[in-house]
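Below are the chains, spelled out letter by letter.
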Amino acid sequence: GNNYYRGIGWYRRGITPDASLAGKSLYLKFDGANLTTDLYINGTFVGEHKGGYSAFGWDVSSFLTIGADNVIAVEVNNANDPNVAPNAGDYTMDGGIYRHVNLIATNTEHVALQEFVPPDTSANPIGPTVGYWLNTPGVYLTQTNVSSISANLAITTDVRNDGAAAKTLTVVSDIVDASGNLVVELSGSQSVGAGANVDVTQNTVVNNPHLWDGVNNPYLYSVYVSVKDGPTLTDVLQQTLGFRSFSVDPNQGAILNGHPYSLHGVDFHQDRLNEGWAISDADQTQDVGLIQEIGATFVRLSHYQHPELTYDLLDQDGIAAWSEIPINGTNNGNLPNTTSFLDNAKQQLQEMIRQEYNHPSVLVWGLFNEISDNATNRSVITALNNLAHQEDPTRLTTCASNNSPGAPVASIPTLAGFNEYLGWYSGSYNDV
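In what follows, the accompanying structure is described. (Residues numbered from 1 in each chain as written. Predicted model: local features only at pLDDT ≥ 70, side-chain atom pairs only at ≥ 80, totals over all residues. Heavy atoms only, no water.)

**Overview of the sheet that holds strand β20 (residues 246-249)**
Reading across the sheet, the 3 strands line up as β20-β21-β22 and stay open at both edges, with antiparallel pairing between neighbours. Of all strands in the sheet, those with a lone pairing partner are β20 and β22 (259-260), marking the two edges. Note that strand β21 (residues 253-256) and β22 share 2 bridges and pair antiparallel. In the sheet register, Ile-255 faces β22, and the bridge partner there is Pro-260. (Pairing = 2+ DSSP bridges. Helix = DSSP H or I, 4+ residues; strand = E, 2+ residues; numbered from the N terminus.)

Written as structure tokens, this is what we have:
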């Protein structure tokens, strides 16, 4: 009924970091909080994040006192903000911290937990015009030319040096099959400046890969990325990898690994009765299990980036996914015509693509849901489509439109889905 509280909520917690964490880099990660989050530690402002669905966080090493009591205070505001998507939607915009929060400790030489996205200052900017820190998976797995004969794989590791001096760090990447057998090991060294991030990219060809083939055979490899300072191992990060190719043909439909593949299933939201958005890991496991039980091969993650565990479960069960950002019909379907709104929409798109980049289940990036066809909306969606293809040239873009087929705004992404409400808002199911 849109009659629920939308405003500020405060969280406070005292923590005493153990003495063993002295000298470590400390990062406070929020898996999700809606909508605008401000962090304070011991009364000092640390940072602000706008957006309710992506992971975010801050390096809090200089804010926390080891071995002493610290007060972490978090202000979360779910009031509507015209400069932050979504401005509207036919679901409840629950507020507050609703996903996990973790304090992560690493050695000073480690796989990055955040990366700075610089402002796009070009005459026709593709990315946001305001720079920001993005929570990163730290490792990006880019697969191309995938077939049952071979697959090209680029492993890009964002390495961070929080130390006071530059160091030459070694990155070792091990690709391991589902049985635990080593398939490929890659190694390379690079100088990383003090307080800097450096991308280290390693390329290989995997022969005769066991393909991730949807519900038929959701086969997953593991990639273990190690960072070494000389002979000393300083960090290890694991990511799952599923080799697959995907395309769409106007005559044959969806093509997975070179063969037609039926995509049928459901949309679903991240909520539960009496829990709102603060669902448990067990809830997510049950949801995906129910979707698997009904024989679905495909889900649309409406209408926003979902929890990381949900994507992991879809990978494991072979259920393909459409993952989208919260650009929903608002103001009668009109999006705000402001640089601030577009910058935030671009930020949320970058966060979703980079954070969910490695999931083989994700086939397409969704750019909008049921917006009007007008000049402003076409301009916004064109900008987001350009950014999506720049961020991830390996995937298609899509949208869900309630316009008639042929509406120009729906022709901007690679693909479009058209919603039909036969017998829903009016008429009868016989109208099908």
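**Observations regarding the layout of surface pockets**
To find leftover empty space, a probe the size of one water molecule is rolled over the atoms. Computed from the structure, the largest pocket encloses a volume of approximately 830 Å³. Lys-29, Asp-31, Gln-239, Glu-308 and Asp-312 are, among the 39 residues lining the largest pocket, the residues nearest its centre. The set of elements that each furnish at least two residues to the lining of the largest pocket consists of β9 (101-106), β10 (109-111), β19 (232-241), α1 (281-293) and α2 (308-317). In terms of residue count, the dominant contributor to the lining of the largest pocket is β19 (6 residues). Here the residues of the lining of the largest pocket are counted per class, giving 14 nonpolar, 17 polar and 8 charged. Lining the second largest pocket are 18 residues; nearest its centre among them are Glu-48, Lys-50, Val-130, Tyr-132 and Gln-347. Sorting the residues of the lining of the second largest pocket by element identifies β5 (44-50), β6 (56-59), β12 (132-135) and α3 (339-355) as the ones contributing at least two each. Grouping the constituent residues of the lining of the second largest pocket by class yields 7 nonpolar, 7 polar and 4 charged. (1 Å grid on protein atoms, 1.4 Å probe; cavity = no way out; pocket = protein on both sides within 12 Å on 5 of 7 lines; lining within 4 Å. Points joined across faces, edges and corners; volume = space filled by probe spheres on them. Nonpolar A, V, L, I, M, F, W, Y, C, P; charged D, E, K, R; others polar.)

**Some details on the packing of aromatic side chains**
One pair of aromatic rings is described through two measures. These are the centre distance and the angle between the planes. Here the structure, examined in full by the defined rule, presents 15 aromatic pairs. For the pair Trp-10 and Tyr-40, a centre-to-centre distance of 5.9 Å together with 40 degrees between the ring planes defines the contact as tilted. Residue Trp-10 is found in strand β1 (residues 8-15), and its partner Tyr-40 is found in strand β4 (residues 36-41); the two are separated by 30 residues along the sequence. By relative accessible area, Trp-10 is classed as partly exposed at 41%. (Phe/Tyr/Trp six-rings, centres within 6.5 Å; stacked < 30°, edge-to-face > 60°. Buried < 20%, exposed > 50% of the residue type's maximum accessible area, 1.4 Å probe, protein only.)

**Some details on a nonpolar patch on the surface**
A contiguous nonpolar surface patch, about 350 Å² in accessible area, is contributed by Tyr-5, Ile-8 and Trp-10. Mapping Ile-8 onto the fold places it in strand β1. Under the relative-accessibility criterion, Ile-8 is labelled partly exposed at 40%. (Patch = residues over 30% accessible without salt bridge, like charges linked within 9 Å, V, L, I, M, F, W, Y side chains within 5 Å. Areas by Shrake-Rupley, 256 points an atom, 1.4 Å probe, with all protein chains shown as cover. Salt bridge = Lys/Arg side-chain N within 4 Å of Asp/Glu carboxyl O.)

**Structural notes on the sheet that holds β5**
As a general point, the strands of a sheet are linked pairwise by backbone hydrogen bonds and lie either parallel or antiparallel. Spatially, the 4 strands line up as an open sheet ordered β1-β7-β4-β5, and their pairing is antiparallel. Each edge of the open sheet is held by one strand with a lone partner, namely β1 and β5. Strand-to-strand twist in this sheet, taken as the mean axis angle between neighbours without regard to direction, amounts to 15 degrees. Note: β1 against strand β7 (residues 70-77), 8 bridges, orientation antiparallel. By the bridge assignment for β7, Ile-8 is matched with Asn-77. (Axes fitted to C-alpha atoms, helices over the stretch in contact; angles between N-to-C directions.)

**Thoughts on the environment of Gln-202**
Relative to the helices and strands, Gln-202 resides in strand β17 (residues 196-207). According to the relative accessible area criterion, Gln-202 is buried, its value standing at 6%. In sequence terms Gln-202 and Ala-164 are 38 residues apart; their C-alpha atoms lie 27 Å from each other. Apart from residues lying up to four places away in sequence, Gln-202 is in contact with Leu-153, Ala-154, Ile-155, Val-171, Ser-173, Leu-186, Ser-187 and Gly-188. Polar contacts involving the side chain of Gln-202 include one to the main-chain carbonyl oxygen of Val-171, which spans 3.0 Å. (Contact = heavy atoms within 4.5 Å. Polar contact = N/O pair within 3.5 Å; in protein donor to acceptor, adjacent residues only side chain to side chain.)

**Concerning the pairing of strand β16 (residues 182-192)**
Along any regular strand the residues' side chains alternate between the sheet's two faces. Two strands pair when backbone bridges link them, and strand β15 (residues 167-176) and β16 are joined in this way by 10 bridges, in the antiparallel orientation. The residue of β16 that forms the bridge with Val-176 is Leu-182. Hairpin connection between β15 and β16: a loop of 5 residues separates the two successive antiparallel strands, and Gly-180 in this loop has a positive phi of roughly 90 degrees.

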